[in-house]
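A look at the structure
This is what each chain is made of:
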Amino acid sequence: MTEPSKVIHVRNVGHEISEPDLLQLFQPFGVINKLVMLRAKNQALLQLQDLPSAVSAMQFYANVQPSIRGRNVYVQFSSHQELTTMEQSTQGRVDEPNRILLVTIHHMLYPITVEVLHQVFSPHGYVEKIVTFQKSAGFQALIQFQLRQSAVAARNSLQGRNIYDGCCQLDIQFSNLEELQVNYNNERSRDFTNPSLPSEQKGRPSQPGYGDAGGMCTLQVNGAATHIWISTGGFSLAIHTCISEMNNAAAIAAAFGGGLPPGISGTNDRCTVLASNLNPDRIDEDKLFNLFSLYGNIVRIKLLRNKPDHALVQMGDGFQAELAVHFLKGATLFGKRLEVNFSKHPNITMGAETHEYLNSNLNRFNRNAAKNYRYCCSPTKMIHLSTLPQDVTEDEIISHLEEHGSIVNTKVFELNGKKQALVMFENEEQATEALVCKHATTLADSMIRISFSQLQTI
């Protein structure tokens, strides 16, 4: 069996499949640093930024057949641990370094302006000119640096990165142009060396020599202003909007490999769900939190005292509520088959019997939201344990969990210096019980985190 690697080997890559197609298939799992197309062999080699990202991709596609343009492709870990410059130059496309970059934006869900591009690229050197336009490949931009080495540094650092979380991915090539001609300074083109240029006259394309800017696609997000920030510790961009409720289903689609799971519409706006047929002797608010927080942040939970087998759960937004209904309906917990449906109540009012979780640091989606969306699934027999003590043993893990059912197999391993484990139970109900009872409990002075794994075997 091939050892896990940052490099993924893709087979059955037909000539109709392009580099952006492959980038879209794998970019939800992390940053893609390198991509080599082996056209003569109908294959490709793709290197993600780190090993956990590659492992996440392989875990996902172990259960979902990846397909591009109606053609099944087959993925496995490569025997290469790293793609070297030699492999890229002898097997893949090589761009001649130039101070002008051609940038294509894939999965563009938010407006990209000259100002946005300047914020992204200027940390790597002085940007002289930017021109944006719309072509058949999508939204593109030409970015001219003062120095060639600045363009090379920008490409090496930004290739495959997302401008916003889960979307607007950068596909960067060197242009063969020698100099950009900029006629107007506006939101679509800018000459930073000549600030006195006029703005574009209404109705005229800004740069007819580069593309039809008049057809440029824009997106208005409920009238909200959208801003970006760049962290000083590295390339990290995030969305800030002036509205608290924004339908983000389209952006989240990227986390599921380019499309939503079957049965998920992404249009639900009801945040509160009703869970019924609970076991009132064993259930409580914290156990419900542990289960429902797999699918989104929890705001409040209320057990209905007049109906002890019913509870209301208010999720962070309608998309998260829809995921919970979809994946938990029919799940078995404490000997009961759960019914999970949307509630007629838009929210849960505060009261003596209401438990507040809005500010809980156990909410999983406060950080790495796209990663957590990728792991959403119905309950499985296998659970994944993280934040374990570094010296934990399999026996200690088994002792911590065995009261909840028959453990079939376990595996303790290390990723990026952090101890983790997989535990397989005899059935889904036992694994679900272990998760709701032992998530966020302490094992040898460490608070452990538990989620379902989509792996079939250990």
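Given the structure is predicted, the values throughout are model-derived calculations rather than measurements.

1. Here we look at the nonpolar core
One finds Leu291, Phe292, Tyr295, Ile383, Leu385, Ile397 and Phe452 to be the most contacted residues of the largest nonpolar core, which totals 53 residues. It is helix H8 (residues 318-328) that provides the largest number of residues to this core, a total of 7 residues. Those residues in contact with Phe452 that sit more than four places away from it in its chain are Leu291, Leu294, Tyr295, Cys377, Pro379, Thr380, Met382, Ile383, Ala431, Thr432 and Leu435.

2. Side note on the pattern of salt bridges
Taken as a whole and assessed by the stated rule, the structure comprises 12 salt bridges. For Lys287, the salt bridge is made with Asp284, and the minimal N-O distance between the two is 3.1 Å. A residue is classified by how much of its surface remains accessible, and Asp284, at 27% relative accessible area, is partly exposed. For Glu339, the salt bridge identified is with Arg337, shortest N-O distance 3.6 Å.

3. Considering the packing of helix H7 (residues 285-292) against helix H11 (residues 428-438)
Contact geometry for H7 and H11: axes closest at 8 Å, N-to-C directions at 115 degrees. Seen along the crossing, H7 lies across H11 with a hand that is right-handed. Here H7 contributes Lys287, Asn290 and Leu291 to the contact with H11, which in turn contributes Thr432, Leu435, Val436 and Cys437. In the contact of H7 with H11, the residues fall into 4 nonpolar, 2 polar and 1 charged.

4. Some points on the sheet that holds strand S27 (residues 449-452)
Reading across from one edge, S23-S24-S22-S27 is the order of the 4 strands in this open sheet, with antiparallel pairing throughout. Of all strands in the sheet, those bounded by a partner on one side alone are strand S23 (407-415) and S27. The average angle at which neighbouring strand axes cross in this sheet is 20 degrees, direction not considered. By the bridge criterion, 4 bridges tie strand S22 (residues 382-386) to S27 in an arrangement that is antiparallel. Across the sheet, residue Ile383 finds its bridge partner in S27, namely Phe452. Along the sheet, helix H10 (residues 394-401) makes contact with S22, S23 and strand S24 (418-425), crossing S23 at roughly 130 degrees.

5. Some details on unusual backbone geometry
Although it is not a glycine, Phe334 adopts a positive phi angle of roughly 55 degrees. Relative to the assigned elements, Phe334 resides in the loop between strand S18 (332-333) and strand S19 (336-337). Assessed through its relative accessible area of 7%, Phe334 is described here as buried. One non-glycine residue, Asp445, adopts positive backbone phi at about 70 degrees. Assignment of secondary structure puts Asp445 in the loop between strand S25 (442-443) and strand S26 (446-447).

6. Quick word on the sheet that holds strand S15 (residues 272-276)
Ordered in space as S20-S15-S17-S16-S21, the 5 strands form an open sheet in which the pairing is antiparallel. Both edges of this open sheet fall to strand S20 (339-342) and strand S21 (354-356), since each of them pairs with a single strand only. This sheet shows a mean twist of 20 degrees between the axes of neighbouring strands, independent of strand direction. In this structure, S15 lies alongside S20, joined through 4 bridges in antiparallel fashion. Within S20, the position partnered with Ala275 by the bridge is Val340. The sheet strands contacting H7 are S15, strand S16 (298-303), strand S17 (311-315), S20 and S21, and the helix crosses S16 at an angle near 140 degrees. Where H8 meets the sheet, it contacts S15, S17 and S20, and its direction lies at approximately 150 degrees from that of S20.

7. Concerning the packing of aromatic side chains
Throughout the structure, instances matching the rule amount to 8 aromatic pairs. When the centroid spacing of 5.5 Å and the interplanar angle of 65 degrees are considered together, the rings of Phe29 and Tyr61 count as edge-to-face. Separated by 32 residues along the polypeptide, Phe29 in the loop between helix H1 (19-26) and strand S2 (32-38) and Tyr61 in helix H2 (residues 51-61) bring together distant segments of the chain. Neither residue differs from the other here; Phe29 and Tyr61 are each classed as buried. Three or more aromatic residues joined by ring pairs make a cluster, and in this case those are Phe26, Phe29, Phe60 and Tyr61.

8. Looking at the environment of Leu177
Mapped onto the elements of the fold, Leu177 is located in the loop between strand S11 (167-174) and strand S12 (189-191). Judged by its relative accessible area of 29%, Leu177 falls in the partly exposed class. Placed 35 residues apart in sequence, Leu177 and Leu142 show a C-alpha to C-alpha distance of 9.4 Å.

What counts and what doesn't
- Residues numbered from 1 in each chain as written.
- Predicted model: local features only at pLDDT ≥ 70, side-chain atom pairs only at ≥ 80, totals over all residues.
- Heavy atoms only, no water.
- Core = buried A, V, L, I, M, F, W, Y, C linked by side-chain atoms within 4.5 Å.
- Buried < 20%, exposed > 50% of the residue type's maximum accessible area, 1.4 Å probe, protein only.
- Helix = DSSP H or I, 4+ residues; strand = E, 2+ residues; numbered from the N terminus.
- Contact = heavy atoms within 4.5 Å.
- Salt bridge = Lys/Arg side-chain N within 4 Å of Asp/Glu carboxyl O.
- Axes fitted to C-alpha atoms, helices over the stretch in contact; angles between N-to-C directions.
- Left-handed = near helix turned anticlockwise from the far one by under 90°.
- Nonpolar A, V, L, I, M, F, W, Y, C, P; charged D, E, K, R; others polar.
- Pairing = 2+ DSSP bridges.
- Phe/Tyr/Trp six-rings, centres within 6.5 Å; stacked < 30°, edge-to-face > 60°.

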